[in-house]
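Next come the chains, spelled out residue by residue.
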Amino acid sequence: MTESRTAWGWGLASIDAAGSTLDVWYPTLALGDAPDETSRPNHGFGDMATAEPDARGARRIPVFTVSKLDEPIEDAADAYLRLHLMSMRMAQPNTLNLDGIFAKLNTVVWTNYGPFAVADFALRKIDVEAAANRMMPGMPHAGVHVSGLDKFPNMLDYVTPSGVRVADTSRVRLGAYLSAGTTVMHAGFVNFNAGTLGTSMVEGRISQGVVVGNGSDIGGGASIMGTLSGGGKHRVTIGERSLLGANAGIGISLGDDCTVEAGLYITAGTKITLWDKEKAAAGEPLEVVKGKDLSGKNNILFIRNSLTGRIEARHRATGIELNEQLHKHN
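For clarity, every value in this text was computed on a predicted model and none was experimentally measured.

One open sheet holds the 5 strands; their spatial order is β11-β14-β17-β20-β22, and the pairing between them is parallel. The outermost strands of the open sheet, each flanked by one partner alone, are β11 (189-190) and β22 (265-266). Judged from the 2 bridges that link them, strand β20 (residues 249-250) and β22 form a sheet pairing that is parallel. Note that in β22 the partner of I250 across the bridge is I266.

Okay, structure coming up:
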């Protein structure tokens, strides 16, 4: 029996009045066995800790976390460590055990003043704004602005990976894996345990568990079915140099050098006609298969025939080429 993989790190946790963990931030993490106590870096978190609750009703305390990555998640600190690992590009999607993550994470009110507990948010909001007035009487200050009510925070509030562009930070959850050269446009979305493995333009939705290969483009409004929404166990992937057209969608995997035309949705049960020019010219019947039979195959163009309305799969010799300058991020 092989030993479970481990990772460890010091984090700074926000703990509410009920003792629940609102969030944990890990500035650095390490893979492998944890060092002994005298050898552990602590990032000076002791100076940032707050023994008494702040105006949010939360204390900030340092936590040392060791995560057994092949075993189910133990607590919120463990969950945040695994989400950080993916956003820090230390672990790719679908390589960590995320069993129990929803049960271990609390739903949190995410604001410009940090995370709040949901139960007493209205009163705590008043306390925070009053505290800001006392600190700077007579000066304008920012009120409490809510950016989300969710179990997962925005990735960029915790991890800022190099070489990427994200137009709207609320559209990328902590736990997303964005490789250098990736651009996520305003309407793009990347869930936790999902992401890109190279240069990519994301203008549609990358659902949980989905991985997009180098050089592929997810068009505006496009949708990739994830395991959370689909209910199945098949993990959808997109290979290299492939294009999922605007407002298109897939519930099957695409191989390398594939294209799904705009507005076309392909699922495992979709009936697809295999185009054969010679058979068509001779009036012979064309073979019809289900979408699952073509899942992961390379060099396919999926289109809807504008004359017959049927969905066809045709051979595509080469894939798309993304704008090199557009994805050369500093």
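The subject of this paragraph is unusual backbone geometry. For N247, which is not a glycine, the phi torsion comes out positive at approximately 60°. Of note, N247 is situated in the loop between β19 (243-244) and β20. Taking relative accessible area as the criterion, N247 reaches 55% and is therefore assigned exposed. Here the phi dihedral of N299 falls at roughly 60°; this positive angle occurs in a residue that is not glycine. Position of N299 among the secondary structure elements: in the loop between β24 (288-290) and β25 (300-304). Residue class for N299 comes out partly exposed when judged on its relative accessible area of 22%.

Here we take up the layout of surface pockets. In this model, the largest pocket occupies a volume close to 460 Å³. Lining the largest pocket are 25 residues, and of these W110, T111, G114, P115 and Y158 lie nearest its centre. Residue assignment for the lining of the largest pocket shows that the elements contributing at least two residues are β1 (6-15), β2 (21-25), β5 (108-111), β6 (114-117) and β7 (146-150). The dominant element in the lining of the largest pocket, judged by the number of residues it contributes, is β7, at 3 residues. Of the residues that constitute the lining of the largest pocket, the class distribution is 9 nonpolar, 9 polar and 7 charged.

As a further point, take the UniProt feature "active site" (unreviewed entry) in the protein chain. According to UniProt, the "active site" (unreviewed entry) feature falls on E203. Relative to the assigned elements, E203 resides in the loop between β13 (200-202) and β14 (205-206). Look at E203 and you get partly exposed, because its relative accessible area is 30%. Among residues more than four places away in sequence, those in contact with E203 are M185, A187, G188, D217, I218, G219, G220 and G221.

Inspection of the secondary structure puts I73 in the loop between β4 (59-68) and α2 (76-87). Given a relative accessible area of 5%, I73 falls into the buried group. Spatially, the C-alpha atoms of I73 and L96 are 9.9 Å apart, while their sequence positions differ by 23 residues. With sequence-adjacent residues up to four places away left out, I73 is seen in contact with D78, A79, R82, N97, L98, D99, I101 and K104.

Moving on to the packing of aromatic side chains. By the definition in use, this model includes 7 aromatic pairs. On the basis of an interplanar angle of 90° and a centroid distance of 5.2 Å, the ring pair of F116 and F121 is categorised as edge-to-face. The pair formed by F116 and F121 is uniform in burial state, with each residue classed as buried. Here R314 stacks its cationic end above the ring of W275, 4.2 Å away from the centre of that ring.

Taken in spatial order, the 10 strands line up as β8-β10-β13-β16-β19-β21-β25-β26-β23-β24 in an open sheet, and their pairing is mixed. Where the open sheet ends on each side, the last strands, each with one partner, are β8 (165-166) and β24. Judged from the 3 bridges that link them, strand β23 (residues 271-274) and β24 form a sheet pairing that is antiparallel. Note that in β24 the partner of K271 across the bridge is K290.

About the criteria used
- Residues numbered from 1 in each chain as written.
- Predicted model: local features only at pLDDT ≥ 70, side-chain atom pairs only at ≥ 80, totals over all residues.
- Heavy atoms only, no water.
- Pairing = 2+ DSSP bridges.
- Helix = DSSP H or I, 4+ residues; strand = E, 2+ residues; numbered from the N terminus.
- Buried < 20%, exposed > 50% of the residue type's maximum accessible area, 1.4 Å probe, protein only.
- 1 Å grid on protein atoms, 1.4 Å probe; cavity = no way out; pocket = protein on both sides within 12 Å on 5 of 7 lines; lining within 4 Å.
- Points joined across faces, edges and corners; volume = space filled by probe spheres on them.
- Nonpolar A, V, L, I, M, F, W, Y, C, P; charged D, E, K, R; others polar.
- UniProt positions renumbered as here; feature names shortened; annotations may be inferred.
- Contact = heavy atoms within 4.5 Å.
- Phe/Tyr/Trp six-rings, centres within 6.5 Å; stacked < 30°, edge-to-face > 60°.
- Lys NZ or Arg CZ within 6 Å of the ring centre and 35° of its normal.

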